[in-house]
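Take a look at the letters that make up each chain.
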Amino acid sequence: MPTVLIMGVTSAIGRAVAAEFAGRRYDLVLTGRDPEEVAAWAADFTFRHNVRATGRLFDALEFPSHVAAIESCFEAAGGALEGAVVSIGYLGDQALAERDPAEAGRILDTNFTGCISALNILANHFERRRGGFLAVISSVAGDRGRRKNYFYGAAKAGLSAYLQGLRARLFGAGVRVITVKPGFVDTAMTFGRPGLFLVASPQSVGRGIFKAIQRGQDVVYLPWFWRPIMLAARAIPESVFKRLSV
Ligand SMILES: NC(=O)c1ccc[n+]([C@@H]2O[C@H](COP(=O)([O-])OP(=O)(O)OC[C@H]3O[C@@H](n4cnc5c(N)ncnc54)[C@H](OP(=O)(O)O)[C@@H]3O)[C@@H](O)[C@H]2O)c1
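Residues numbered from 1 in each chain as written. Predicted model: local features only at pLDDT ≥ 70, side-chain atom pairs only at ≥ 80, totals over all residues. Heavy atoms only, no water.

1. Quick notes on the packing of helix 1 (residues 12-22) against helix 2 (residues 35-49)
Where we set the bar: Angular values range over 0 to 180 degrees, each being the angle between N-to-C directions of two axes fitted as lines to C-alpha atoms, with helices fitted over their stretch in contact. Secondary structure is summarised from DSSP: a helix means a run of H or I of at least four residues, a strand means a run of E of at least two, and numbering begins at the N terminus for each. Each crossing gets its hand from how the near helix is turned against the far one by less than a right angle, where anticlockwise is left-handed and clockwise is right-handed. Should any heavy atoms of two residues lie within 4.5 Å, those residues are considered in contact. Think of it as three bins: nonpolar holds Ala, Val, Leu, Ile, Met, Phe, Trp, Tyr, Cys and Pro, charged holds Asp, Glu, Lys and Arg, and polar takes everything else, Gly as well.
Running from N to C, helix 1 and helix 2 point in directions that differ by 35 degrees, and their axes come no closer than 11 Å. Helix 2 is crossed by helix 1, and the crossing has right-handed handedness. Contacts between helix 1 and helix 2 involve Arg15, Ala18, Ala19 and Ala22 from the first element and Trp41, Phe45 and His49 from the second. The class makeup of the residues in the contact of helix 1 with helix 2 is five nonpolar, one polar and one charged.

And the structure:
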């Protein structure tokens, strides 16, 4: 059976993508930080979809553990991973990050340096295999820095730029790199947050990610209408944008 690695099984979006693959008879390697939660979700996927789902631990902030953690995922897949989906993120508290370097660092390290550390290891694996895919959940927040979430937005912008370069590097090796840019999605990350609009379900975003992987798209906005919205947002001059309360 082909096997896909889903990093971030406790994320509703990550699980929605995992369900798309499991529904098509893919085996799964699922990562998370909490051993009990990871084991419970692995059992749930095995039972519900009748596939082989194996749990492994990965913490984006535990840099020294990354090589061993991801090698353990390769081993769980029997060395034959077809691709990986990275659904790890931390929105954080923007107001706190403005005065607390620890919160600022956590936002940047979870969304940017931690994910990139994992992606470097995965990229080398797929490049050696000369095939596969890396689908990484960035965000529309990275398309324009906003006063209300510019730590998170900066990290996602950096992640999107990294993925542009990685895509070009891996193109010749036949490895697809898919940058996923969702708008607002109804998950634990956004629960109870004010000011959300056009909120999508994790299931619809999961379907969109699966389709983008199948089609080999480079960058996908989910739902699609966020592409023109962000085009318009990027077109607003800085002299105007800095006066907006967005
Ligand atoms: N929801 C939205 O509106 C939205 C919009 C655009 C992009 N996104 C992106 O979509 C992805 C999935 O987020 P979500 O909406 O499904 O939210 P979520 O439920 O809060 O999921 C976030 C995931 O990141 C994991 N995570 C956080 N810190 C971690 C760390 N140090 N090491 C490893 N894993 C860590 C969480 O694991 P724990 O359960 O262990 O904390 C969880 O699995 C993220 O990249 C997010 O930035 C979300």
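2. Details of the pairing of strand 6 (residues 175-182)
Filter applied, for reference: Summary of the burial criterion: residues with accessible area below 20% of their type's maximum are buried, those above 50% are exposed, and those between are partly exposed, where the area comes from a 1.4 Å probe applied to protein chains only. A pair of strands is considered paired only if DSSP assigns at least 2 bridges between the two. Note on handedness: a crossover is taken as right-handed if, strands pointing away from the viewer, the path from the first strand over the helix to the second is clockwise.
The element strand 6 is extensively covered by neighbouring structure, given that seven of its eight residues are classed as buried. Inspection of the sheet shows strand 5 (residues 132-137) paired to strand 6 by six bridges, in the parallel sense. Following the sheet pairing, isoleucine 137 is matched in strand 6 by valine 180. In the classification by handedness, the crossover that spans strand 5, the intervening helix 6 (residues 150-171) and the parallel strand 6 is right-handed. With four bridges connecting them, strand 6 and strand 7 (residues 219-222) associate as parallel partners. Across the sheet, the residue bridging to threonine 179 is valine 219, located in strand 7.

3. Re the packing of aromatic side chains
Stated precisely, the cut-off is as follows: Pairing of aromatic rings covers Phe, Tyr and Trp, the last counted by its six-membered ring, and requires centre-to-centre distances within 6.5 Å; plane angles under 30 degrees mean stacked, over 60 mean edge-to-face, and any other angle means tilted.
By the definition in use, this model includes nine aromatic pairs. For the pair phenylalanine 21 and phenylalanine 133, a centre-to-centre distance of 5.9 Å together with 10 degrees between the ring planes defines the contact as stacked. With phenylalanine 21 in helix 1 and phenylalanine 133 in strand 5, the pair connects residues that are 112 residues apart, well separated along the chain. Take phenylalanine 21: its relative accessible area is 1%, and that puts it in the buried class. Pairing phenylalanine 197 with tryptophan 226 gives two aromatic rings, centres 5.6 Å apart and planes at 35 degrees, and the pair type is tilted. Of the two residues, phenylalanine 197 is situated in the loop between strand 6 and helix 7 (202-215) and tryptophan 226 in helix 8 (residues 226-235); the sequence distance between them amounts to 29 residues. Following the ring pairs from residue to residue traces out a cluster consisting of Phe184, Phe197, Trp224, Phe225 and Trp226.

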